Amino acid sequence: MSEVRVLIVDDSSVMRKIVERSLRQAGLESLVAYEASNGADALEALKNGSVDLILTDINMPSMDGLEFLSRLRSQNLAPGVPVVLITTEGSLDRVKQGIEAGAQHFIHKPFSVEQLRDRVLPLLKTA
Amino acid sequence: MGCTVPQSLRDTHPGICDPKNLDAAVEDVFSMMLGVDCKRMADVSDAESEAEQGTVTAVIGLGGVLSGACIFRCSAPAAIKLVGCMTGMNFSQVDRTVEDGIGEICNMVAGAWRNRMPELAAQCGLSVPAVVSGCGYNLHLQAFEFQLQSAYGFEEVRFSVTIACGGLQQSKPRKK
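**Student:** With reference to specific residues and values, describe helix α6 (residues 96-115) of chain B.
**Tutor:** Between its first and last C-alpha atoms α6 of chain B spans 28 Å; for 20 residues at 1.5 Å apiece the expected length is 28 Å, and the two agree. Of all 20 residues in α6 of chain B, 18 are buried; the element is thus mostly enclosed.

Shown next, in the form of structure tokens:
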């Protein structure tokens, strides 16, 4: 697979590193990772460059993942780029809000490399 | 108009008091995110003892229908080892990254424990983690209705997880 640019949005720097490492283990060896610690930083990053995939947490300070998704679509940033929610969120209503706002999938933390492989890689093939 | 009626957690949600749910949550987090086989230990005091190099404590608040906290505690060397396993990085001391990692472990344990009870998952929110590290500090908890504490370990690493909960608040119609 050619170079894949992924934006990882999470307020935990450790979790961003884990997601990056897990994606590589899932088969994206040619991954180029960009990081943001909240939705506002992620929007700024997308104004400065395009990506092929976005993975975002929901519960973050400053701007949470749902608000980020809403602004992503309203500002027409990253059109057609698949978004996956990675979250400890237990409320299916909140997850449903994320899906309705444009996310393609959600993955619960903790997650396995296999879960990432099964849910993320097919999105890249169809994007 | 409704009124708030406190109910006993043990009666309404027995899963909260079941240590197997906490064991399963811890085992899920450690197997999936750290790649280690983590088991419950017999003695909590081993995991709670004050290490010479200090301890690291992470707290996640439980809000919404359930009021309480999930507390993760380990020695500084254990914290360094845990976050090293999780990230593949080497640490010589408890720095911001190690604290961030312990907070994230606590967050995932709290989330996995809560999500094992679907009737609570939708109505119980988690706070962002607060992490304290160092020597000679005390963590004061209010007198909660229920407290579940277990110690876990793998290799030489020991840590404890505590779930402390107040009464479940449920809105019921007021009798006339």
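Right, picking up where we left off after that structure.
**Student:** Now, about the sheet that holds strand β1 (residues 4-9) of chain A: what can you tell me, with residues and values included?
**Tutor:** Residue and element names in this part refer to chain A. Taking strand neighbours across the sheet as the criterion, the 5 strands line up as β2-β1-β3-β4-β5 in an open arrangement whose pairing is parallel. Looking at the sheet topology across the chains shown, the edges are occupied by β2 (31-36) and β5 (105-108). Direction aside, neighbouring strands of the sheet carry axes that sit 20 degrees apart on average. Both strand β4 (residues 83-87) and β5 contribute to a ladder of 4 bridges, which runs parallel. Considered in β5, the bridge of Leu85 is made with Phe106. Its contacts with the sheet put helix α2 (residues 39-48) on β1, β2 and β3 (53-56), and the angle it makes with β1 is roughly 155 degrees.

**Student:** Now, about the interface of chain B and chain A: what can you tell me, with residues and values included?
**Tutor:** A common measure of how large an interface is: the accessible area buried when the components associate. Contacts between the two partners involve 23 residues from chain B, matched on the other side by 18 residues from chain A. Of all the secondary-structure elements, those providing two or more residues to the side of chain B that touches chain A are α3 (19-34), α5 (76-87), α6 and β5 (124-126) of chain B. Here the residues of the side of chain B that touches chain A sort into 12 nonpolar, 7 polar and 4 charged.

**Student:** Requested: an account of unusual backbone geometry, with residues and values cited.
**Tutor:** Between Lys109 of chain A and Pro110 of chain A the backbone carries a cis peptide bond, its omega angle lying at 0 degrees. Structurally, Pro110 of chain A is set in the loop between β5 and α5 (113-126). Of note in the backbone geometry, Ser62 of chain A takes a positive phi value of approximately 70 degrees without being a glycine. Within the fold, Ser62 of chain A resides in the loop between β3 and α3 (65-74). On the basis of neighbour count, Ser62 of chain A is assigned to the exposed category, with 12 C-beta atoms found within 10 Å. Even without being a glycine, Glu155 of chain B presents a positive backbone phi close to 45 degrees. Along the chain, Glu155 of chain B falls in the loop between β7 (146-154) and β8 (157-165). Residue Glu155 of chain B is classed as exposed on the basis of its 11 C-beta neighbours within 10 Å.

What counts, and where the lines are drawn
Within every chain, residues take consecutive numbers counted from 1 along the sequence as written. Note on labels: chains are lettered from A, ligands numbered from 1, in written order. In keeping with the predicted nature of the model, local features appear solely for residues at pLDDT of at least 70, side-chain atom pairs appear and are counted solely at 80 or more, and the whole-chain, interface and lining totals rest on all residues. Secondary structure elements are defined from DSSP: runs of H or I of at least 4 residues count as helices, runs of E of at least 2 residues count as strands, and each element is numbered from the N terminus. Residue count minus one, scaled by 1.5 Å, sets the expected span of a helix. Around each residue's C-beta, the other C-beta atoms within 10 Å are counted; 20 or more make the residue buried, 12 or fewer make it exposed, and counts in between make it partly exposed. All C-beta atoms are placed from the backbone. Strand pairing follows a simple DSSP-based rule, namely that at least 2 bridges must link the two strands. With axes taken as lines fitted to C-alpha atoms, and helix axes fitted only over the stretch in contact, angles between N-to-C directions fall between 0 and 180 degrees. Our contact criterion uses C-beta atoms placed from the backbone: two residues qualify when those atoms are within 7 Å. Residue classes follow a fixed rule: Ala, Val, Leu, Ile, Met, Phe, Trp, Tyr, Cys and Pro count as nonpolar, while Asp, Glu, Lys and Arg count as charged, and any other residue, Gly among them, counts as polar.

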